[in-house]
Amino acid sequence: QVQLVESGGGLVQPGGSLRLSCTVSGIVFSAYRWAWYRQAPGKQRELVATINSDGYTNDADSVKGRFTISRENAKNTVYLQMNSLKPEDTGVYYCYGPTMMTAYWGQGTQVTVSS
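Conventions we followed
Residues numbered from 1 in each chain as written. Predicted model: local features only at pLDDT ≥ 70, side-chain atom pairs only at ≥ 80, totals over all residues. Heavy atoms only, no water. Pairing = 2+ DSSP bridges. Helix = DSSP H or I, 4+ residues; strand = E, 2+ residues; numbered from the N terminus. Disulfide = S-S within 2.5 Å. Buried < 20%, exposed > 50% of the residue type's maximum accessible area, 1.4 Å probe, protein only. Contact = heavy atoms within 4.5 Å. Phe/Tyr/Trp six-rings, centres within 6.5 Å; stacked < 30°, edge-to-face > 60°. Lys NZ or Arg CZ within 6 Å of the ring centre and 35° of its normal. Core = buried A, V, L, I, M, F, W, Y, C linked by side-chain atoms within 4.5 Å.

Draft legend 1. Highlighting the pairing of strand β3 (residues 18–25). With 5 bridges joining them, strand β1 (residues 3–7) and β3 adopt antiparallel strand pairing. Within the sheet, the bridge partner assigned to Ser7 lies in β3 and is Ser21. Note: β3 against strand β8 (residues 77–82), 6 bridges, orientation antiparallel. Among the inter-strand pairings, Thr23 is bridged to a residue of β8, identified as Thr77.

Here is the structure:
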């Protein structure tokens, strides 16, 4: 049973920071690309950032320079460091990993950026 457990979401003021974590069990974490998506109410899910098995990263233009995706294979964990947060960053953030057979999603963690 593959599990993706996210944590780190919460309420933060504009300009603040959060670090999201996604800990994976049940598969070989290091072999796969991992990603963060987010979805705001009434909007489509959008890709935030990806990191492949070699550590290569790619960020959406909307978060470039503010967010950093990273992975720690020894802990089976992917992170999203979120700095200089804006109200438009508000949404549910999901950890995601495709494999040859299926794709796996975390349960989501709420990020709210508000004064």
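Picking up where we left off.
Draft legend 2. Representation of the state of the cysteines in the model. Within this structure, the stated rule accounts for 1 disulfide. Here Cys22 connects covalently by a disulfide to Cys95, the sulfurs 2.2 Å from one another. Between Cys22 and Cys95 the sulfur-sulfur dihedral comes to about -85 degrees; the bridge is accordingly left-handed. Taken together, the residues Cys22 in strand β3 and Cys95 in strand β9 (residues 91–98) connect sequence positions 73 residues apart.

Draft legend 3. Quick look at the side chain of Ser21. If you trace the backbone, Ser21 turns up in strand β3. Ser21 gets classed as buried once you look at its relative accessible area, which sits at 13%. Leaving out residues up to four positions away in the same chain, Ser21 has contacts with Val5, Glu6, Ser7, Trp36, Thr77, Val78 and Tyr79.

Draft legend 4. Spotlight on the packing of aromatic side chains. All told, the structure shown has 5 aromatic pairs when counted by the stated rule. With a centroid separation of 5.3 Å and an interplanar angle of 80 degrees, the aromatic rings of Tyr37 and Tyr96 are classed as edge-to-face. With a gap of 59 residues between them, Tyr37 in strand β4 (residues 34–39) and Tyr96 in strand β9 connect regions that are remote in the sequence. Exposure class is identical for Tyr37 and Tyr96. Each is buried. Ring-pair connections join several aromatic residues into one group, and the members of that group are Tyr37, Tyr94, Tyr96 and Trp105. Across the ring face of Tyr37, the terminal group of Arg45 is positioned such that the distance to the ring centre comes to 5.4 Å.

Draft legend 5. Focus on the nonpolar core. Among the nonpolar cores identified, the biggest contains 26 residues, and Trp34, Trp36, Val78, Leu80 and Tyr93 are the most heavily contacted of them. Elements that contribute at least two residues to this core include exactly β3, β4, β5 (46–51), β7 (67–72), β8, β9 and β11 (109–113).

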